Every structure is written in C-alpha cells, then in structure tokens.
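So the chains spell out like this:
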Amino acid sequence: MELGFIGLGQMGSRMAIRLLDAGHSLTVFDRDEAAMAKVVARGARRASSAAEVAAASETVLMSLPTPDVVRNVVFGPDGVTDSNRTTKLVDLSTTGPKMAMQIAAELDKAGRITLLDAPVSGGIAGAEKGTLAVMVSGEKEAVETLRPVLSVLGKVFVCGDKPGMGQTLKLANNIIAVAALAISSEAMAMGAKAGLDPQIMIDTIMASSGGNVALRDKFPKAVLTGTFDFGFATGLSYKDVRLCVDEAEAMGVPMVVGAAVRQLMAVTNATFGPDSDFTSVARVLEGWAGVKIRSRPK
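For clarity, every value in this text was computed on a predicted model and none was experimentally measured.

Moving on, we get to the overall build of the protein. On a plain count of helices and strands, the protein comes out with 13 helices and nine strands. The C-alpha radius of gyration computed for the protein amounts to 20 Å, which stays within 12% of the reference 19 Å derived for 298 residues, consistent with globular compactness. Based on the C-alpha atoms only, the size of the protein along its principal axes is roughly 65 × 45 × 35 Å. Among the 298 residues that make up the protein, the fraction classed as buried is 51%. Pairs at least 24 residues apart make up 63% of the contacts formed inside the protein by residues separated by at least 6 positions. Taking the average location of the 31 positive side-chain charges in the protein and that of its 31 negative ones, the two points are 5 Å from each other.

Before going further, it helps to examine the pairing of strand β6 (residues 114-117). The pairing of strand β5 (residues 88-91) with β6 spans four bridges and is classified as parallel. Residue aspartate 91 lies in a different strand from β6, and its bridge partner there is aspartate 117. Since β5 and β6 lie parallel, the crossover through helix α5 (residues 97-110) that links them has a hand, and here it is right-handed.

To continue, consider the side chain of serine 57. Mapping serine 57 onto the fold places it in the loop between α3 (50-56) and β4 (59-62). Taking the relative accessible area as the measure of exposure, serine 57 reaches 0% and is therefore buried. Polar contacts involving the side chain of serine 57 include one to the main-chain carbonyl oxygen of valine 53, which spans 2.8 Å. Setting aside its immediate chain neighbours within four residues, serine 57 contacts Glu2, Leu3, Gly4, Thr27, Arg85 and Thr86.

With that settled, the discussion passes to the packing of helix α12 (residues 256-272) against helix α13 (residues 281-289). In contact at an axis separation of 9 Å, α12 and α13 are set at 85 degrees when each is read in the N-to-C sense. Accordingly, the angle class assigned to the pair α12 and α13 is roughly perpendicular. Across the interface between the two elements, Leu264, Met265, Val267, Thr268 and Phe272 from α12 touch Val281, Arg283, Val284, Leu285 and Trp288 from α13. Residue classes in the contact of α12 with α13 are distributed as eight nonpolar, one polar and one charged.

All chains considered together, the criterion is met by eleven salt bridges. One salt bridge connects arginine 45 with glutamate 2, and the closest N-O pair in it is separated by 3.0 Å. One end of the pair, arginine 45, is in strand β3 (residues 45-46); the other, glutamate 2, is in strand β1 (residues 2-6), and 43 residues separate them in sequence. Judged by its relative accessible area of 38%, arginine 45 falls in the partly exposed class.

Positive phi outside glycine occurs at aspartate 78, with the angle close to 60 degrees. Mapping aspartate 78 onto the fold places it in the loop between α4 (67-75) and β5. Given the relative accessible area of 48%, aspartate 78 is considered partly exposed.

Close contact between helix α8 (residues 165-193) and helix α9 (residues 198-206) brings their axes to 9 Å; oriented N to C, the two are set at 130 degrees. Between α8 and α9, the interaxial angle falls into the category oblique. When you trace α8 past α9, the crossing you get is right-handed. Of the residues in α9, those touching α8 at Ala187, Met188, Gly191 and Ala192 are Pro198, Met201 and Ile202.

As a further point, take the packing of aromatic side chains. For the coordinates displayed, the defined rule picks out two aromatic pairs. Consider the rings of phenylalanine 230 and phenylalanine 278, whose centres lie 6.3 Å apart with planes at 45 degrees: the pair is tilted. Placement of phenylalanine 230 in the loop between α10 (213-223) and α11 (234-251) and of phenylalanine 278 in the loop between α12 and α13 is noted, with a sequence separation of 48 residues between them. Plain terms: the ring middles of phenylalanine 232 and phenylalanine 278 are 5.4 Å apart, the flat faces sit at 80 degrees to each other, and that makes the pair edge-to-face. One end of the pair, phenylalanine 232, is in the loop between α10 and α11; the other, phenylalanine 278, is in the loop between α12 and α13, with 46 residues separating them in the sequence.

Among the secondary structure elements, glycine 235 is positioned in helix α11. Each C-alpha atom of the pair glycine 235 and asparagine 269 lies 6.1 Å from the other, and the pair is 34 residues apart in sequence. Sequence-distant contacts of glycine 235, defined by excluding residues within four places in its chain, comprise Asn269 and Pro274.

The rules we used
- Residues numbered from 1 in each chain as written.
- Predicted model: local features only at pLDDT ≥ 70, side-chain atom pairs only at ≥ 80, totals over all residues.
- Heavy atoms only, no water.
- Helix = DSSP H or I, 4+ residues; strand = E, 2+ residues; numbered from the N terminus.
- Rg over C-alpha atoms; globule rule 2.2 N^0.38 Å.
- Buried < 20%, exposed > 50% of the residue type's maximum accessible area, 1.4 Å probe, protein only.
- Contact = heavy atoms within 4.5 Å.
- Lys, Arg positive; Asp, Glu negative; His and termini not counted.
- Charge placed at Lys NZ, Arg CZ, Asp CG, Glu CD.
- Pairing = 2+ DSSP bridges.
- Right-handed = clockwise from strand over helix to strand, strands pointing away.
- Polar contact = N/O pair within 3.5 Å; in protein donor to acceptor, adjacent residues only side chain to side chain.
- Axes fitted to C-alpha atoms, helices over the stretch in contact; angles between N-to-C directions.
- Parallel < 35°, antiparallel > 145°, perpendicular 65-115°, else oblique.
- Nonpolar A, V, L, I, M, F, W, Y, C, P; charged D, E, K, R; others polar.
- Salt bridge = Lys/Arg side-chain N within 4 Å of Asp/Glu carboxyl O.
- Left-handed = near helix turned anticlockwise from the far one by under 90°.
- Phe/Tyr/Trp six-rings, centres within 6.5 Å; stacked < 30°, edge-to-face > 60°.

Here you go:
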C-alpha cells in the first residue's frame, strides 16, 4: 500500500522500517531530521510536514509521544487534515480514550477520515521484530482493510468498533506493567538490603508465584547491570499511568494501587527527569534503601 508514517522515534522508526521491508511504499515525517534520515535511507520518501505526508497517502499511521502532539499533528497547521487525500488515520500512540474519542468525533464531522485507534505494546524489541500487540478499535471495514498492514507490526487484537476502546485496553496493560516494575523494585531493594544475591532472587521468584515481566526482562537488562537503559522514557511512562488513573477515576473506578504507582513515577520523573529510563524507579528505591541492586561477581 501507499502509506504515510508520522513520528519516527524509538518505536515509530522500527515500525516504519518493518513496513518498508514488507514491501509497502512509505512517505514519512518527523521533526527530528536525523530520525527521519535513518528511515529515508531504508527507502522511505521524506516529507516536510504532516500535511505533505497526508497529501501522498490514503492511509497515514502515527506514533507520537503525547495526546497534545497527536491532536496538533491531526488538526494543527500543516496537519493531516490539511490534505484531502487521506481517508484512514491509524493512531499507534498512547493518548487515552478521551482524546481518541474526541479526535474521531471531529474527523467524523468532517466526513472524510476514519480513525483507527491502535495503540501498541511490546517495546523496542517488539517493534523491531514485529511481535507487538496491536490493540485496534474502530470501524470494522477499515480494521479488516488494514489488518494486513497492522499484522506486519505484530499480533492484531480487535478490541471493539469504537475509537477509544483500544486506548482503554492499552492503559490497563501499562498500569499493570509499571505496577510490576514498581513493586519488584521495592522487593528487590529489600532483598539486597538483607544481603540476598539479586540474581538468585530473580531466578527463584521467576520459578515461583511472584514471577513477572519486570523481573524477566527489565531487571536483568537494565537494573542489575546498573545501565538503566531498557528503552522507555520515564516521562512517557508517567504520562501513561497518569492517563490511566485519571480515566479510571472519571469512570468511577477507584485505583488505589494505581494512584500509588502514579506517585512513585512522579517521584522518579522529578528525581531523574522525563528523559531518563523508566527503570530508574529502581534507582529511587535504591536511594531510599541505601543499597544497590546489582549482579554479583561469580
């Protein structure tokens, strides 16, 4: 297909390259020229704005950091809606259901562009390997038309026929994942303070009832090594959990544990900055406990 792609960060660039490798024709835009150059070098066409991407593409995919950025790319100056060619817009970002529904409603009024709400999960490795979970919701016909495209990115889960439903599922996933990281950081700091070998702790817990993805992937790669470089920014993680708790509260669903996770990510964000890796939450616990959670020499 003739596709457009806007947003070529850590996730977007890898998804765009997978689409190129699958044979799709791609016109791309990112405000970061260096990020765009990497994808152009793989065969994409460079655009100078989101509007130029839309003018070249009937279907445009977006992978952007925040709800406000998504809204501006769609409706702002030189945005997607400045072009009359695009008929389908696929938002792979995490914006929350409220923003997805607002954008879909405004696009529906114009009567030209169908929004597919399709947030993804699986991290940089999943984006590179094409093993992401793609949580898509929107008009059934549009979903089926674009299923072959989305399948290049990973496994497609159809969540419903209204934009926003995919976002709700993504936020639920993310609050669970970050909660696992937070509580694992607390437990690992406790064990390290007591003198336990962190690697033995992980091996034992992963064979027990406390096993989780944070201990399986994030701790061995980014915490035990002291590198704190798993590949997801603290600021984005904080945004995700904040969106989740706010949306849940608006629905009348209390999030007691979720609110505590939000506060811990707020501390991490304030302490190490939004550009730090979200595994830095373990650094917060290390500081409070006065201990390092590190691999020991064998």
